[in-house]
Amino acid sequence: MDGTFNENDLSRVVAADKAHVWHHLIQHKPFEENDPRIIVEGKGMRVWDQNGKEFLDAVSGGVWTVNVGYGREEICKAVYNQMMKLCYFAQSAGSIPGALFAEKLIEKMPGMSRVYYNNSGSEANEKAFKMVRQIAHKKYGGKKTKILYRDRDYHGSTLAAMSAGGQDERNAQYGPFAPDFIRVPHCMEYRKHELGLEHLSGREFGIAAANAIEEVILREGPETVGALCLEPVTAGGGVIEAPEGYWERVQEICTQYDILLHIDEVVCGVGRTGTWFGYQHYGIKPDFVTMAKGVASGYAAIAVLVTTEEVFDMFKDDASDPLNYFRDISTFGGCTAGPAAALENMRIIEEEGLLDNCTAMGERMMSNLLALKEKHPVIGDVRGKGLFLGAELVTDRETKEPVDEKLAQQVVADCGAQGVLIGVTNRSVPGKNNTLCFSPALIVTAEDIDAITDAVDKALTKVFG
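If you look the chain up in an unreviewed UniProt entry, it shows as Aminotransferase class III-fold pyridoxal phosphate-dependent enzyme from Pseudophaeobacter arcticus. Of the comments in the UniProt record for the chain, the one headed Sequence similarities (unreviewed entry) reads "Belongs to the class-III pyridoxal-phosphate-dependent aminotransferase family."

Structural data, given as C-alpha cells:
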C-alpha cells in the first residue's frame, strides 16, 4: 500500500466502525465477536483492508461502480479544482461542469436531449416515475398512471423505487407500497419453464416473453398504463440478458399502446456492457434513461435522468399554468463534483479504449466461465454482457434446482480468502440467491481475468468437490 493513512495500528478505526457505523446489506451480529472489513486503499484493480490483505476486486467496489479503477489522480484533481471554484449551487441555476457533461453525455445518446441531475440511482428512477405520473394528469386526464416493472428487476431502495421492485426478498417487510405499479414476467430463458414457455427457445422465446408484457397491458387496460421500466441486463436478480427478439417486440408494444419506455441503466450505463449504454446493443429508442454507478466511477456522487425533447416539451407547453413544469428538486443534484468527475471518467474511457477492452475481456471471461461449466456440474448457466457476467449454481442441471444460498456464499468467501472479491445475488429472489456475479473494472487485463476464474475454480472444487 502507498496511501496517506500512515498509522500502522488501525484498531482505533476498527473500534469506531464497530461502535458507530451501520453497514449496508449485512447482518451485524457477527461483529460482536469479529471485526468488520474496512477497505483502506485502492489502486487500479486492487484494494487493501485494515490488515494489509490485498484483494483483486472483481465487483468494482462491491456493487458494479468503479468502472475505471481506483486511484485515478486526474479525476481527483478535476473534482478538487472544481470544488475550490464552486462546490454547489441549487440546480435551479446551472454550473459549468453540469452544462459540459450534459453536452458530452447527449453526444453518446442519439435521440435523447435533456439531462436532469440528482443524487442516486433510486432517486433518478423516482424522478422518471414522477414525470410519468405528471404526464398522466397533464395529457391523459389522470388515467395513464400505471407503471409496469419486470420480475427480478431492481430499481432502487426507496419506497417508490421498491414499488417497482421485482425482487421479493428485497421488498419483504417494507410494504405497503405505492399503488399502480404492476409486475410483468421475467425474460430469463434458462428458467423459461417458470413461464410455461419451455417449448420455445431463442428468438421465439424472446418474442413470447415480450408478448407476456402485452398480456398484462391488455389485462390492466392500455388506457391506464403510462410507462414500462426495464433493466437492459437484469443485475441483482441474476444477471439476465434478454433473448433475441425480445427488445424489438418490447419497442413495438410500447409504440402500439402509447407507453413510455424507461430503461434503467444504473448498473449497465457508461461502459459496463461494452457500449456506452446497455440499451444500445438492442436498437431500442427509450423515452427515459436513468444512470448512476459508473457515471463517475464512484469518485463523486452523481446520478442523472435523461429524456427526449418530446418528454421535455410536455413540461413547458403552457407557461401561464403555474403547475405546468416539473416541480421537483434534488438538493445534491446541484453538487458540481459529480459532473466534474463524470467528464474525466468519460474522457478516460474514450482515450484508453475501455469500451473495446470491456468487450474483449468480457469475451475472455465468458470463455473461462464456460470452461468452468464444463468442469463443474454445479454451474447450470453462464450469462451476461461485456464485463457484467453471472454463473448460476444448481444442484441438478435437469431440474435446475438452485443450490442452497449458503453454499453459493461459501464460494464467495473462499474466493475472498484467496484474495479475489466476487459477488453473489443477495436477498433478491426467494430460494434463488444462487448466481455468482462478476463485474471487474473496465481496465481489467487478461491476467486479472484468469486470476478471477482460477479462484472460482478452486472455490467450486473446495465447496462442491
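Draft legend 1. Molecular detail of the overall build of the chain. Counting secondary structure elements, the chain contains 14 helices and 18 strands. Against the globule reference of 23 Å for 465 residues, the chain gives a C-alpha radius of gyration of 22 Å, in line with a compact fold. Scored against the burial criterion, the 465 residues of the chain give a buried share of 54%. Counting only contacts in the chain whose residues sit at least 6 apart along the sequence, the fraction spanning at least 24 positions is 71%. Summing over all exposed atoms, the chain offers an accessible surface of approximately 20600 Å²; the carbon and sulfur share of this is 53%. On the chain, the mean spot of the 48 positive side-chain charges and the mean spot of the 66 negative ones are 2 Å from each other.

Draft legend 2. Fine view of the packing of helix H4 (residues 96–107) against helix H11 (residues 337–351). Running from amino to carboxyl end, H4 crosses H11 at an angle of 35 degrees, the nearest separation of the two axes being 8 Å. Seen from above, H4 lies across H11 with left-handed handedness. Contact residues: Pro-97, Gly-98, Leu-100, Phe-101, Lys-104 and Leu-105 in H4; Pro-339, Ala-340, Ala-342, Leu-343, Met-346 and Glu-350 in H11. In terms of residue class, the contact of H4 with H11 is built from nine nonpolar, one polar and two charged.

Draft legend 3. Region of the structure containing the sheet that holds strand S6 (residues 181–184). One open sheet accounts for seven strands, arranged S4-S12-S11-S10-S7-S5-S6; its pairing is mixed. Two strands close off the open sheet at either side, each with one partner strand: strand S4 (114–118) and S6. Between one strand axis and the next, the sheet turns through 20 degrees on average, direction left out of account. Here strand S7 (residues 225–230) runs beside strand S10 (residues 260–264); their pairing, made up of four bridges, is parallel.

Draft legend 4. Geometry of empty space enclosed by the protein. The tally for this structure, following the rule as stated, stands at two cavities of 30 Å³ or more. Taken as a whole, the largest cavity encloses approximately 40 Å³ of empty space. Every residue along the wall of the largest cavity is listed here: Gly-44, Met-45, Asp-57, Ser-60, Val-66, Gly-69, Tyr-70 and Ala-441. As a volume, the second largest cavity reaches approximately 30 Å³. Of the residues in the lining of the second largest cavity, the class split is six nonpolar, three polar and no charged.

Draft legend 5. How the structure looks around the sheet that holds strand S1 (residues 39–43). In spatial order, the strands read S1-S2-S3-S16; together these four strands make up an open sheet with mixed pairing. In the strand order of this sheet, the two ends are held by S1 and strand S16 (420–421), each with one partner. In this structure, S1 lies alongside strand S2 (residues 46–49), joined through four bridges in antiparallel fashion. Paired with Gly-42 across the strands is Val-47, a residue of S2.

Draft legend 6. Region of interest: the nonpolar core. Among the nonpolar cores identified, the biggest contains 101 residues, and Tyr-246, Val-250, Ile-422 and Leu-436 are the most heavily contacted of them. Apart from residues lying up to four places away in sequence, Leu-436 is in contact with Leu-389, Gly-390, Ala-391, Leu-393, Ala-408, Val-411, Val-412, Ile-422, Gly-423, Val-424 and Val-456. If you look at the next biggest cluster of nonpolar residues, it comprises 18 residues, including Ala-128, Cys-229, Phe-288 and Leu-305.

Draft legend 7. Layout of the packing of aromatic side chains. With the rule as written, the count across this model stands at seven aromatic pairs. Seen in terms of ring centroids, Tyr-116 and Phe-326 are 5.4 Å apart; in terms of plane orientation they differ by 65 degrees. Their pairing is edge-to-face. With Tyr-116 in strand S4 and Phe-326 in the loop between helix H10 (309–313) and H11, the pair connects residues that are 210 residues apart, well separated along the chain. Exposure remark for Phe-326: the relative accessible area of 13% places this residue in the buried category. Between the aromatic rings of Trp-247 and Tyr-282, the centroid separation amounts to 5.7 Å while the plane-to-plane angle is 20 degrees, which identifies the pairing as stacked. Of the two residues, Trp-247 is situated in helix H9 (residues 246–256) and Tyr-282 in the loop between S10 and strand S11 (288–291); the sequence distance between them amounts to 35 residues. On the basis of relative accessible area, Trp-247 is assigned to the buried category, the value being 3%.

Draft legend 8. Structural view of helix H12 (residues 354–375). Taking 1.5 Å of rise per residue, 22 residues should cover 32 Å, and H12 covers 31 Å from first to last C-alpha, within 8% of that figure. Among the residues of H12, those classed as buried are Leu-354, Leu-355, Cys-358, Met-361, Gly-362, Met-365, Asn-368, Leu-369 and Leu-372. On an axial view of H12, the arc spanned by its buried residues comes to 140 degrees, and they lie on one face. For H12, the exposed residues set more than 90 degrees away from the buried face come down to Asp-356, Glu-363 and Glu-374. For H12, the secondary structure elements touched by its buried residues are H11, strand S13 (379–385), strand S14 (388–396), strand S18 (435–438) and helix H14 (446–464).

Draft legend 9. Representation of the layout of surface pockets in the model. If you add up the space inside the second largest pocket, you get close to 560 Å³. Taken together, 18 residues make up the lining of the second largest pocket; nearest its centre are Tyr-116, Met-131, Phe-312, Phe-326 and Asp-328. Of all the secondary-structure elements, those providing two or more residues to the lining of the second largest pocket are S4, strand S12 (303–307) and H10. Examining the composition of the lining of the second largest pocket, we find that four residues originate from one element, S4, more than from any other.

Draft legend 10. Local environment of the environment of Met-314. Tracing the backbone shows Met-314 in the loop between H10 and H11. Given a relative accessible area of 18%, Met-314 falls into the buried group. Sequence separation of Met-314 and Tyr-325 is 11 residues, and the distance between their C-alpha atoms is 8.2 Å. With sequence-adjacent residues up to four places away left out, Met-314 is seen in contact with Ile-135, Lys-138, Lys-139 and Asn-324.

Here is what the cut-offs are and how they apply
- Residues numbered from 1 in each chain as written.
- Predicted model: local features only at pLDDT ≥ 70, side-chain atom pairs only at ≥ 80, totals over all residues.
- Heavy atoms only, no water.
- UniProt positions renumbered as here; feature names shortened; annotations may be inferred.
- Helix = DSSP H or I, 4+ residues; strand = E, 2+ residues; numbered from the N terminus.
- Rg over C-alpha atoms; globule rule 2.2 N^0.38 Å.
- Buried < 20%, exposed > 50% of the residue type's maximum accessible area, 1.4 Å probe, protein only.
- Contact = heavy atoms within 4.5 Å.
- Areas by Shrake-Rupley, 256 points an atom, 1.4 Å probe, with all protein chains shown as cover.
- Lys, Arg positive; Asp, Glu negative; His and termini not counted.
- Charge placed at Lys NZ, Arg CZ, Asp CG, Glu CD.
- Axes fitted to C-alpha atoms, helices over the stretch in contact; angles between N-to-C directions.
- Left-handed = near helix turned anticlockwise from the far one by under 90°.
- Nonpolar A, V, L, I, M, F, W, Y, C, P; charged D, E, K, R; others polar.
- Pairing = 2+ DSSP bridges.
- 1 Å grid on protein atoms, 1.4 Å probe; cavity = no way out; pocket = protein on both sides within 12 Å on 5 of 7 lines; lining within 4 Å.
- Points joined across faces, edges and corners; volume = space filled by probe spheres on them.
- Core = buried A, V, L, I, M, F, W, Y, C linked by side-chain atoms within 4.5 Å.
- Phe/Tyr/Trp six-rings, centres within 6.5 Å; stacked < 30°, edge-to-face > 60°.
- Expected span 1.5 Å × (residues − 1).
- Arc of directions from axis to C-beta.

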